[in-house]
Amino acid sequence: LASRANSPFLFLEKVADAGNSREQRQMVEHLIQTGVTLVVLAQSDYSIPYLKDSGWDDGVRPVLTALTQAGIRVVLVSQSVFVEVNPLACSTLQVRVGACDAEIAPDTTRLNLNRKRVVLEQRLDAEFPAVRTYDALPYLCPEESCPLRRGGKWWWRDGGHISVHASEQLTDSLRDAMASALGN
């Protein structure tokens, strides 16, 4: 299941787009009724202005409460890494001659510091024993610098989304996080 684009999987009664909260509640009810044992909760907030300052943890806490009280384990995927460039805007010629603005290797520490929600995620992980946090950053950027293109492959498709190649590289680590959440 997935929510609409730019529709976070949160219960947000106090924001302008609170109509989405009804959809999210219905989705949680559906998950509980179907008897799933694990939910992977992943969402970005880079394009959702009302989540940037505060409120994300207040919106996700009741979702986690409802799921975990129903005996559902949750893998909470940490806030994504925003790289501020768009590799797909570069032509093949630009890439070949080294003129692509996305041919950069940002500092991994700086990328991590820009993820303000990680501290909140860690608190929720401690608060909910049935929740495991999965952070892709160590797999996407295992060294101090984080080249956006490695081995001839782009690891980001735009500033806020990783590429299909990068997603494939995360398969094993995400599978391990899911198994850990289930106690396997």
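It should be emphasised that the depicted structure is a prediction, and the values quoted were computed from it without experimental measurement.

Engineer: Describe helix 9 (residues 171-182), listing the residues and the values that go with them.
Structural biologist: Compared with an ideal rise of 1.5 Å per residue, which puts 12 residues at 16 Å, helix 9 spans 17 Å between its outermost C-alpha atoms and is within 8% of the ideal. Where helix 9 ends, the next residue or the one after it, G183, has phi of about 80 degrees, a positive value.

Engineer: How would you sum up the packing of aromatic side chains? Please name residues and give values.
Structural biologist: Throughout the structure, instances matching the rule amount to 1 aromatic pair. Here the aromatic rings of Y134 and Y139 are separated by 6.1 Å at their centres, their planes lie at 15 degrees, and the arrangement is stacked. When its relative accessible area of 6% is taken as the criterion, Y134 is described as buried. Taking NZ or CZ as reference, R149 lies 5.5 Å from the ring centre of W154, over its face. If you follow R150 out to its NZ or CZ, it ends over the ring of W155, 4.0 Å from the centre.

Engineer: Can you tell me about the nonpolar core, naming the residues and giving the values?
Structural biologist: Ranked by size, the top nonpolar core spans 25 residues in total, and within it V83, Y134, L140, C141 and W156 carry the most contacts. Of all elements in the fold, only strand 2 (73-77), helix 7 (137-140) and helix 9 reach the threshold of two or more residues within this core. Residue contacts for V83: discarding those within four places in its chain leaves I104, L111, L148, W156, D158 and G159. Counting residues in hydrophobic clusters, the runner-up holds 15 residues, among them V39, L41, L64 and V74.

Engineer: Go over helix 3 (residues 56-69), please, and point to the residues and values.
Structural biologist: End to end, helix 3 covers 20 Å across 14 residues, agreeing with the expected 20 Å (1.5 Å per residue, within 8%). Regarding helix 3, the residues found buried are W56, D57, G59, V60, V63, L64, L67 and T68. In a view along the axis of helix 3, the buried residues occupy a sector of 155 degrees, so they form one face of it. Summarising the geometry of helix 3, the exposed residues directed more than 90 degrees from the buried face are D58 and Q69.

Calculation notes
Residues numbered from 1 in each chain as written. Predicted model: local features only at pLDDT ≥ 70, side-chain atom pairs only at ≥ 80, totals over all residues. Heavy atoms only, no water. Helix = DSSP H or I, 4+ residues; strand = E, 2+ residues; numbered from the N terminus. Expected span 1.5 Å × (residues − 1). Phe/Tyr/Trp six-rings, centres within 6.5 Å; stacked < 30°, edge-to-face > 60°. Buried < 20%, exposed > 50% of the residue type's maximum accessible area, 1.4 Å probe, protein only. Lys NZ or Arg CZ within 6 Å of the ring centre and 35° of its normal. Core = buried A, V, L, I, M, F, W, Y, C linked by side-chain atoms within 4.5 Å. Contact = heavy atoms within 4.5 Å. Arc of directions from axis to C-beta.

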